[in-house]
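Chain by chain, the residues run as shown.
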Amino acid sequence: MIPEKEDIVKAVSFKTSRSGGKGGQNVNKVSSKVELIMNIETADCFTDEEKALLTARLAQRLDQEGNLHIVSQEDRSQLVNKARSLAKLMVLLNSALHIDKKRKATKTPRATVLKRKSDKQSLSAKKQNRRKPAREE
């Protein structure tokens, strides 16, 4: 199961910097870009199985030290960007920890098989009736 948001916040660190984009002169003086950094191996909120699953499923998103980086710079407010990066992390963790149910193999129902065969027979009979009658000699 995915841990509570408060537990995850304790396991992450934030780094801020100046972002580009809209904002005019505000962009040049305010650090509104937020980078969320989480090391999965040192996070206490996950079990060993969950850590292994996250490491395997998020391998392409981890750097060499095993840190997961999520960047948010869409808004002009650092607080909003911090909340957005946390929301992105929660969605990412939720999808990475989701385990699909095993599919139960089922047999095709007998009624469906019989209906398909009868439809084939009726189509065959229709096409037989379209043919020219055979010449009798």
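Residues numbered from 1 in each chain as written. Predicted model: local features only at pLDDT ≥ 70, side-chain atom pairs only at ≥ 80, totals over all residues. Heavy atoms only, no water.

J.: For this particular structure, what's the right way to read helix α4 (residues 78-97)?
T.: Residue pairs three or four apart in sequence face the same way in an α-helix, which turns once every 3.6 residues. Taking 1.5 Å per residue as the helical rise, α4 with its 20 residues ought to reach 28 Å, and the 28 Å between its terminal C-alpha atoms agrees with that figure. The complete set of buried residues in α4 reads Asn81, Ser85, Leu86, Leu89, Met90, Leu92, Leu93, Ala96 and Leu97. With a side-chain oxygen lying 3.3 Å from the backbone nitrogen of leucine 79, the N-terminal cap of α4 falls on serine 77. (Helix = DSSP H or I, 4+ residues; strand = E, 2+ residues; numbered from the N terminus. Expected span 1.5 Å × (residues − 1). Buried < 20%, exposed > 50% of the residue type's maximum accessible area, 1.4 Å probe, protein only. Polar contact = N/O pair within 3.5 Å; in protein donor to acceptor, adjacent residues only side chain to side chain.)

J.: Would you explain the pattern of salt bridges in this entry?
T.: Should the charged atoms of two oppositely charged side chains come close, the side chains can pair. Summed over the entire model, instances satisfying the criterion amount to four salt bridges. Linking lysine 15 and glutamate 35 is a salt bridge whose minimum nitrogen-to-oxygen distance equals 3.7 Å. In this pair, lysine 15 sits in strand β1 (residues 12-17) while glutamate 35 sits in strand β2 (residues 33-39), placing the two residues 20 residues apart along the sequence. Here arginine 84 makes a salt bridge to glutamate 74, at a shortest N to O gap of 3.8 Å. Of this pair, arginine 84 sits in helix α4 while glutamate 74 sits in the loop between β3 (67-72) and α4, placing them ten residues apart in sequence. According to the relative accessible area criterion, arginine 84 is partly exposed, its value standing at 35%. (Salt bridge = Lys/Arg side-chain N within 4 Å of Asp/Glu carboxyl O.)

J.: Even after reading the chapter, I still don't get the side chain of asparagine 67, so can you show me in this structure?
T.: Note that asparagine 67 resides in strand β3. Residue asparagine 67 is classed as buried on the basis of its relative accessible area of 15%. Reaching out from asparagine 67, the side chain makes a polar contact with the side chain of asparagine 39 at a distance of 3.1 Å. Ignoring any residue separated from it by four or fewer positions in sequence, one finds asparagine 67 in contact with Ile37, Met38, Asn39, Arg61 and Leu62. (Contact = heavy atoms within 4.5 Å.)

J.: Would you explain the pairing of β2 in this entry?
T.: Within a regular strand, side chains alternate between the sheet's two faces. In terms of residue burial, β2 counts as a mostly covered element, since six of its seven residues are buried. Bridge count between β1 and β2: six bridges; the pairing is antiparallel. Paired with lysine 15 across the two strands is glutamate 35, which belongs to β2. (Pairing = 2+ DSSP bridges.)

J.: Explanation requested: the packing of aromatic side chains in the structure shown.
T.: Where two aromatic rings form a pair, the distance of their centres and the angle of their planes describe that pair. The tally for this structure, following the rule as stated, stands at zero aromatic pairs. One cation-aromatic arrangement involves lysine 82 over phenylalanine 14; the distance from NZ or CZ to the ring centre is 4.8 Å. (Phe/Tyr/Trp six-rings, centres within 6.5 Å; stacked < 30°, edge-to-face > 60°. Lys NZ or Arg CZ within 6 Å of the ring centre and 35° of its normal.)

J.: Help me understand the nonpolar core, please; the structure alone is not making it clear to me.
T.: Generally speaking, a soluble globular protein has its nonpolar side chains buried in company with each other. Counting 19 residues, the largest nonpolar core has Met38, Leu54 and Leu89 as the members making the most contacts within it. Breaking this core down by element, the ones donating at least two residues are β2, β3 and α4. Per-element tally for this core: the top contributor is α4, with seven residues. Here leucine 89 is in contact with Ile8, Val12, Leu36, Met38, Leu68 and Ile70, once residues within four sequence places are set aside. (Core = buried A, V, L, I, M, F, W, Y, C linked by side-chain atoms within 4.5 Å.)

J.: I'm lost on the sheet that holds β2 in this one. Help?
T.: In any sheet, the strands associate via hydrogen bonds between backbone groups, in a parallel or an antiparallel arrangement. Taking strand neighbours across the sheet as the criterion, the three strands line up as β1-β2-β3 in an open arrangement whose pairing is antiparallel. Looking along the sheet, the strands with just one partner apiece sit at the ends: β1 and β3. Across this sheet, the average inter-strand angle for adjacent strands is 20 degrees, counted without regard to direction. Relative to β3, β2 runs antiparallel, the two being bridged by six bridges. Following the sheet pairing, asparagine 39 is matched in β3 by asparagine 67. Along the sheet, α4 makes contact with β1, β2 and β3, crossing β3 at roughly 135 degrees. (Axes fitted to C-alpha atoms, helices over the stretch in contact; angles between N-to-C directions.)

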